[in-house]
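Breakdown of the fold
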Amino acid sequence: MTQRRAFFQTAGAALLGASAVSRIAAASVPEAVMQTSAAMQVPAPPTNGRPFQPIVTLNGWSLPWRMKDGVKEFHLLAEPVVREIAPGMKAQLWGYNGQSPGPTIEAVEGDRVRLFVTNRLPEVTSVHWHGVPLPSGMDGVSGLTQPPIGVGKTFVYEFVLQRSGSFMYHPHADEMTQIAMGLMGLFIVHPKDPRPLKVDRDFGFILNAYDIEPGSATPRVNTMLDFNLWTWNSRAFPGIDPLVARTGERVRIRVGNLSMTNHPIHLHGTHFEVVGTDGGWIPKSARWPEVTTDIGVGQMRAFEFDAVAGDWAIHCHKSHHTMNAMGHGVPTMIGVDQREVARKISSLIPGYMAMGERGMHDMAEMQMPLPDNTLPMMSGTGPFGPLGMGGMFSVVKVRDNLQRGDFKDPGPYLHPPGTLASEYTAEVPTAPRAPSAQADAQTLQVRKPTGHEGH
Ligand SMILES: [Cu+2]
């Protein structure tokens, strides 16, 4: 009987499909809760409906719902937003409810959800509930499963959450533009029985990227690969929240990828287990250990580990993705003696400085004048100096004495005596050297490029 009724409900919902809200129904649309800050809002446990342990969205928040006749009602408002990418830089993006990404939607397996979407963008949109099993007419593909949501219009989606997992939402109308502008969010469905999947801390973020010319604020939406801001939840290091945990706690991190390339996410300090994808949870016997998991475009991975005390880097292992805005046309200057050319240029441009002949670390140490509203290519300072990082980088900070639910940055890790790398100051015996390029100059034939501009 229950199955039969559920079938008719589903069939009815499918026939109805995603539809525009009538004027009478619009009067009962729940308020669209707004957020103007990019600071992490630690979500409180739910006050109604089935209990669940909320996830912590890095530099984000979870959307409150209204319970109406047993249905969880959410209201997303798509509109232009200002997002602080990191202190010192703000971007003009498109987002939901005041921020990009939009708020995380959290519900429980078995819940019926009703999602109102109001379009205050300058063009039509739709919302696709990425990975969520639902009736075809609720899938949010503009033109295929519904008419687009017109400018100023509100649509309503309604379905029952059939299984728990880590999902996303994003537009399926002019996606290239709308995803490049930051329209996306996490959709987390918690299990009805929390016990088998229980963890102590549950974090989530989306991998995204922007191409914002230094000194401007609006992304170039036609860029395909050469993005200059590699972000987690539309934040770049040092603007990304640390992931804080207590020693020994079981920590889950859920990462979705809505950028244009894959990102191998690497965690220092301990191995983790990949426990789920957007296709579902992986049975315990089939989970595999990793220290890096590659997250392809349009994929989600959930991984878990037992927290070990320390400050542990977590980052994309594509080294260009841990940099902020940089010009990729800059020639490599390692080994090039620039003294003569620097002398000539500084007679024309006072204060000119040649850089890069010993590598690029100099750039992490110095503060070059930058255009307004731009992040340094490498930045962030730790207890031992500049990190020389940007983009997709953060720190898992694990401490022995943390309260449950405390996500505040605990400051730098205090290393126990004898566990810190340091300079060796006693005498170092002369080590044999490999023949250097200089000693072996005859075999290194340098040929100057001719007629190849840009080499
Ligand atoms: Cu990457």
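To start, this report covers the structure provided alongside it. In this text the structure is predicted, and so the values were computed from the model without any measurement. (Residues numbered from 1 in each chain as written. Predicted model: local features only at pLDDT ≥ 70, side-chain atom pairs only at ≥ 80, totals over all residues. Heavy atoms only, no water.)

1. Some thoughts on the packing of aromatic side chains
- Under the counting rule described, the total for this entry stands at 12 aromatic pairs.
- With a centroid separation of 5.2 Å and an interplanar angle of 80°, the aromatic rings of Trp129 and Tyr157 are classed as edge-to-face. With a gap of 28 residues between them, Trp129 in strand E8 (residues 128-130) and Tyr157 in strand E9 (residues 154-160) connect regions that are remote in the sequence.
- Relative accessible area serves as the criterion here: at 0%, Tyr157 is assigned to the buried category.
- Considering the side-chain rings of Trp129 and Phe159, the 6.1 Å spacing of their centres and the 55° angle between planes classify their relative orientation as tilted. In this pair, Trp129 sits in strand E8 while Phe159 sits in strand E9, placing the two residues 30 residues apart along the sequence. Both residues of the pair, Trp129 and Phe159, belong to the buried class. (Phe/Tyr/Trp six-rings, centres within 6.5 Å; stacked < 30°, edge-to-face > 60°. Helix = DSSP H or I, 4+ residues; strand = E, 2+ residues; numbered from the N terminus. Buried < 20%, exposed > 50% of the residue type's maximum accessible area, 1.4 Å probe, protein only.)

2. Some details on the sheet that holds strand E10 (residues 165-170)
- With respect to topology, four strands assemble into an open sheet ordered E6-E11-E10-E8, the strand pairing being mixed. Sheet topology places strand E6 (105-108) and E8 at the edges, where each strand pairs with a single neighbour. Direction aside, the axes of adjacent strands within the sheet are offset by 25° on average.
- As paired strands, E8 and E10 are joined by three bridges and run antiparallel to one another. Looking at E10, one finds that His130 is bridged to Met168. (Pairing = 2+ DSSP bridges. Axes fitted to C-alpha atoms, helices over the stretch in contact; angles between N-to-C directions.)

3. A look at the coordination of the copper ion
- Surrounding the copper ion are the protein donor atoms His263 (ND1), Cys316 (SG) and His321 (ND1), which sit 2.0 Å from the metal.
- Read from N- to C-terminus, the donor residues coordinating the copper ion fall into the pattern H-x52-C-x4-H. In terms of burial, Cys316 and His321 fall into one category: buried. (Donors = N, O, S within 2.8 Å, 3.2 Å for Na, K, Ca; no water.)

4. Structural notes on the sheet that holds strand E20 (residues 292-295)
- Read from one edge to the other, the open sheet built from five strands follows the order E14-E25-E22-E16-E20, with strand pairing classed as mixed. Each edge of the open sheet carries a strand with a single partner, namely strand E14 (243-246) and E20. Pairwise comparison of adjacent strand axes, ignoring direction, gives a mean angle of 20° for this sheet.

5. Quick look at a nonpolar patch on the surface
- Together, Met224, Leu225 and Met260 make up an exposed nonpolar region whose accessible area comes to about 330 Å².
- By secondary structure assignment, the location of Leu225 is in the loop between strand E12 (201-210) and strand E13 (229-232).
- A residue is classified by how much of its surface remains accessible, and Leu225, at 55% relative accessible area, is exposed. (Patch = residues over 30% accessible without salt bridge, like charges linked within 9 Å, V, L, I, M, F, W, Y side chains within 5 Å. Areas by Shrake-Rupley, 256 points an atom, 1.4 Å probe, with all protein chains shown as cover. Salt bridge = Lys/Arg side-chain N within 4 Å of Asp/Glu carboxyl O.)

6. Topic: the environment of Gly269
- Looking at where Gly269 falls in the secondary structure, it is placed in the loop between strand E16 (263-267) and strand E17 (272-277).
- Spatially, the C-alpha atom of Gly269 lies 8.5 Å from that of Asp311, the residues being 42 residues apart in sequence.

7. Quick notes on the pattern of salt bridges
- Per the counting criterion, the structure on display carries 22 salt bridges.
- The closest approach of N and O atoms between Lys72 and Asp111, which form a salt bridge, is 2.6 Å. Highlighted residues: Lys72 in strand E4 (residues 71-86) and Asp111 in the loop between E6 and strand E7 (112-119), separated in sequence by 39 residues. Like Asp111, Lys72 is buried.
- Through salt bridges with shared partners, one network takes in Asp202, Arg250, Arg252, Arg254, Glu273, Glu304 and Asp306.

8. Some points on the nonpolar core
- Within the largest apolar cluster, 35 residues are counted, with the highest numbers of intra-cluster contacts made by Leu115, Trp129, Tyr157, Phe159 and Phe187.
- The set of elements that each furnish at least two residues to this core consists of E4, strand E5 (89-96), E6, E7, E9, E10 and strand E11 (185-190).
- Setting aside chain neighbours within four positions, we find Phe159 in contact with Asp111, Arg112, Val113, Leu115, Trp129, Val132, Leu134, Pro135, Met138 and Phe187. (Core = buried A, V, L, I, M, F, W, Y, C linked by side-chain atoms within 4.5 Å. Contact = heavy atoms within 4.5 Å.)

9. Observations regarding the pairing of E12
- Among the 10 residues that make up E12, 10 are buried, leaving the element largely enclosed by the rest of the structure.
- In E12, alternate side chains face the same way, and those of Arg201, Phe203, Phe205, Leu207 and Ala209 on one face and Asp202, Gly204, Ile206, Asn208 and Tyr210 on the other are all buried.
- For E12 and strand E15 (residues 250-257), the ladder comprises seven bridges, and the chain directions are parallel. Its bridge partner being in E15, Ile206 is matched across the sheet by Gly256.
- Here four bridges tie E12 to E13, and the two strands are oriented antiparallel to one another. Counted as the bridge partner of Asn208 is Thr231 from E13.

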